[in-house]
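Summary of structural features
So the chains spell out like this:
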Amino acid sequence: MNELNHQRIINELQPLINDTQAVLKKFEAAGMDEDMPEDYQKLLNILDRAIRQQRAHTLEMLAK
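These remarks concern the structure in this document. (Residues numbered from 1 in each chain as written. Predicted model: local features only at pLDDT ≥ 70, side-chain atom pairs only at ≥ 80, totals over all residues. Heavy atoms only, no water.)

So, about the overall build of the protein chain. Across its full length, the protein chain holds 3 helices and 0 strands. Listed by position from the N terminus, the elements making up the protein chain come as α-α-α. The C-alpha atoms of the protein chain give a radius of gyration of 14 Å, which is well past the 11 Å a tight globule of 64 residues would have. The principal-axis extent of the C-alpha atoms belonging to the protein chain is close to 45 × 15 × 10 Å. A total of 64 residues make up the protein chain; the buried ones form 23% of that total. The long-range fraction of contacts in the protein chain, counting pairs at least 24 apart against all pairs at least 6 apart in sequence, stands at 66%. Put simply, the protein chain shows about 4,800 Å² of open surface, and 54% of that area lies on carbon and sulfur atoms. (Helix = DSSP H or I, 4+ residues; strand = E, 2+ residues; numbered from the N terminus. Rg over C-alpha atoms; globule rule 2.2 N^0.38 Å. Buried < 20%, exposed > 50% of the residue type's maximum accessible area, 1.4 Å probe, protein only. Contact = heavy atoms within 4.5 Å. Areas by Shrake-Rupley, 256 points an atom, 1.4 Å probe, with all protein chains shown as cover.)

This part takes up the packing of aromatic side chains. Pairs of aromatic rings are described using the distance from one ring centre to the other and the angle between the two planes. Counted by the stated rule, this structure contains 1 aromatic pair. When the centroid spacing of 6.2 Å and the interplanar angle of 25° are considered together, the rings of F27 and Y40 count as stacked. Within this pair, whereas F27 is found in helix 1 (residues 3-29), its partner Y40 is found in helix 3 (residues 37-63), the two being separated by 13 residues in sequence. Across the pair, Y40 and F27 agree in class, each one buried. (Phe/Tyr/Trp six-rings, centres within 6.5 Å; stacked < 30°, edge-to-face > 60°.)

On to the nonpolar core. Formed by I9, L13, I17, L24, F27, Y40, L43, L47 and A50, the largest nonpolar core amounts to 9 residues. For this core, the secondary-structure elements that each account for two or more residues are helix 1 and helix 3. In terms of residue count, helix 1 provides more of this core than any other element does, 5 residues in total. Every residue in contact with F27, bar those within four places of it in the chain, is listed here: M32, D33, M36, D39, Y40 and L43. (Core = buried A, V, L, I, M, F, W, Y, C linked by side-chain atoms within 4.5 Å.)

Before going further, it helps to examine helix 3. Spanning 27 residues, helix 3 covers 38 Å between terminal C-alpha atoms, matching the ideal 39 Å at 1.5 Å per step. Of the surrounding secondary structure, the elements contacted by the buried residues of helix 3 are helix 1 and helix 2 (32-35). (Expected span 1.5 Å × (residues − 1).)

Okay, structure coming up:
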């Protein structure tokens, strides 16, 4: 995969990360993290996967 493809994926993941963080903040502000712990955990998992993927592509891009 070339640098442009890595950068494209990194850029496409960023809105997902931002949006998921915003939803998590709303969940926490409304106390839904305690009322709906399974859904809250699913959001955390989405965020974790997106960040890990973004990091992996960043590291691969920098290694070249």
